[in-house]
Structure formats: C-alpha cells, structure tokens
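Spelled out, the chains give:
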Amino acid sequence: MKRPRRITCKRVYDPVEEADGYRVLVDRVWPRGIKKGDLALDAWHKALAPSGELRKWFGHDPRRWAGFYQRYHAELRKNDETVQSLLQECDGRRLTLLYSVRDTEHNNAVALKMYLEDT
C-alpha cells in the first residue's frame with residue numbers, strides 16, 4: 001500500500017480542483033446546503049469522523065483543540081482498519097480530506113491529517 005503523496009484539507013464549499021486527487025468527506029453528517037449528487041467526492045468515510053460525544057465536547061472551541069485532537073487520535077488508533085482502508089483506496093495519490101465547518105484550523109480533517117502524517 002502506497003502512502004499518499006500529499007494530504008490536504010479543504011472545505012466542501014471550496015471549488016474542486018484537478019490537483020485535489022482522491023477526495024474524501026470525513027464528516028459524520030452530510031454538509032448543509034449541498035445535494036448528494038452535487039458534491040464531487042470519491043468516498044464518504046463517516047467512520048473516520050470523531051464520535052458524537054467527542055464532537056459535542058469539543059464544540060469547535062479552539063481552547064479545547066489539543067484535548068480534542070489527542071482524544072480523536074486515540075479513537076483513530078482503535079479504528080485502524082478504517083484508516084488503512086482509506087490509505088489503500090487513495091493508493092499513493094494526493095489525498096484531500098473534505099470537511100464542512102468554517103474553522104479551517106481546528107477541525108476533524110486537520111486532526112486526521114496530523115494523525116495520517118504521523119503514522
């Protein structure tokens with residue numbers, strides 16, 4: 001299995017670019033205002049999203065960011081089969097992790113990118 005050449009994070013509302021490579025939605029719920037047929041993506045990995053409890057605890061509060069990504073990484077370690085499945089599907093291409101929240105620095109896609117780059 002080849003590692004992704006590059007991993008990027010992008011809001012689902014941003015324009016699609018050819019350079020995006022393999023596009024994966026990593027939110028548990030479908031983004032507001034977008035019809036399922038209108039979002040250009042290769043896969044939707046709900047199982048890679050943080051648990052509902054963790055997401056609610058975090059509440060997108062930047063002061064809780066460190067605690068959030070540490071707890072989220074612990075969840076991902078328990079879900080290694082799904083992480084490996086994502087990497088296998090990507091097959092060495094650029095990987096773009098799609099998310100819907102407004103905060104571009106403190107979200108699950110950024111935390112997942114950190115995890116993938118460290119493993």
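Everything discussed here concerns the structure shown above.
As a starting point, this report considers the structure included with it.

About the thresholds
Residues numbered from 1 in each chain as written. Predicted model: local features only at pLDDT ≥ 70, side-chain atom pairs only at ≥ 80, totals over all residues. Heavy atoms only, no water. Salt bridge = Lys/Arg side-chain N within 4 Å of Asp/Glu carboxyl O. Buried < 20%, exposed > 50% of the residue type's maximum accessible area, 1.4 Å probe, protein only. Phe/Tyr/Trp six-rings, centres within 6.5 Å; stacked < 30°, edge-to-face > 60°. Helix = DSSP H or I, 4+ residues; strand = E, 2+ residues; numbered from the N terminus. Lys NZ or Arg CZ within 6 Å of the ring centre and 35° of its normal. Pairing = 2+ DSSP bridges. Contact = heavy atoms within 4.5 Å. Axes fitted to C-alpha atoms, helices over the stretch in contact; angles between N-to-C directions. Polar contact = N/O pair within 3.5 Å; in protein donor to acceptor, adjacent residues only side chain to side chain.

Take the pattern of salt bridges next. Applying the stated rule across the entire model yields five salt bridges. Its salt-bridge partner being Lys10, residue Glu17 comes within 3.4 Å of it at the nearest N-O pair. Among the residues examined, Glu17 registers a relative accessible area of 48% and is labelled partly exposed. Asp20 serves as the salt-bridge partner of Arg23, at 2.5 Å between the closest nitrogen and oxygen. For Asp20, a relative accessible area of 4% gives the class buried. One continuous salt-bridge network, built from bridges that share partners, spans Lys10, Glu17, Asp20 and Arg23.

Let us look at the packing of aromatic side chains. When we look at a pair of aromatic rings, we describe it by the centre distance and by the angle of the planes. Applying the stated criterion across every chain yields a total of six aromatic pairs. Ring geometry for Trp65 versus Tyr69: centroids 5.5 Å apart, planes at 55°, classification tilted. With Trp65 and Tyr69 both in helix α2 (residues 65-77) and four residues apart, this pair spans about one turn of that helix. The class for Tyr69 is partly exposed, based on a relative accessible area of 22%. Each residue in the set Phe58, Trp65, Phe68, Tyr69 and Tyr72 is aromatic and connected to the rest through ring pairs, giving one cluster. In this arrangement the basic side chain of Lys36 is found over the ring face of Trp30, its NZ or CZ atom lying 5.6 Å from the centre. Lys46 extends its terminal NZ or CZ atom over the ring of Trp44, reaching a point 4.3 Å from the ring centre.

Looking now at the pairing of strand β2 (residues 22-25). Going residue by residue along β2, you find Tyr22 and Val24 tucked away on one face and Arg23 and Leu25 tucked away on the opposite face as well. Bridge count between β2 and strand β4 (residues 95-99): four bridges; the pairing is parallel. Bridged to Arg23 within β4 is Thr96. Across two bridges, the pairing between β2 and strand β3 (residues 43-44) is parallel. Following the sheet pairing, Val24 is matched in β3 by Ala43.

Another point: the sheet that holds β4. Judged by pairing direction, the sheet is parallel, and its four strands sit side by side in the order β1-β4-β2-β3 without closing on themselves. Strands with a single pairing partner mark the edges of an open sheet, and in this sheet they are β1 (7-11) and β3. The sheet contacts of helix α3 (residues 80-90) involve β2, β3 and β4, and relative to β2 the element is tilted by about 150°. Contacts between helix α4 (residues 108-118) and the sheet are confined to β1 and β4, with β1 contributing the most and set at about 175° to the helix.

Moving on, we get to α4. Here α4 has its buried residues at Asn108, Ala109, Val110, Ala111, Leu112, Tyr115 and Leu116. Among the structural elements, β1, α2, α3 and β4 are those in contact with the buried residues of α4. Where α4 begins, the capping side chain belongs to Asn107, and its oxygen is found 2.9 Å from the backbone nitrogen of Ala109.

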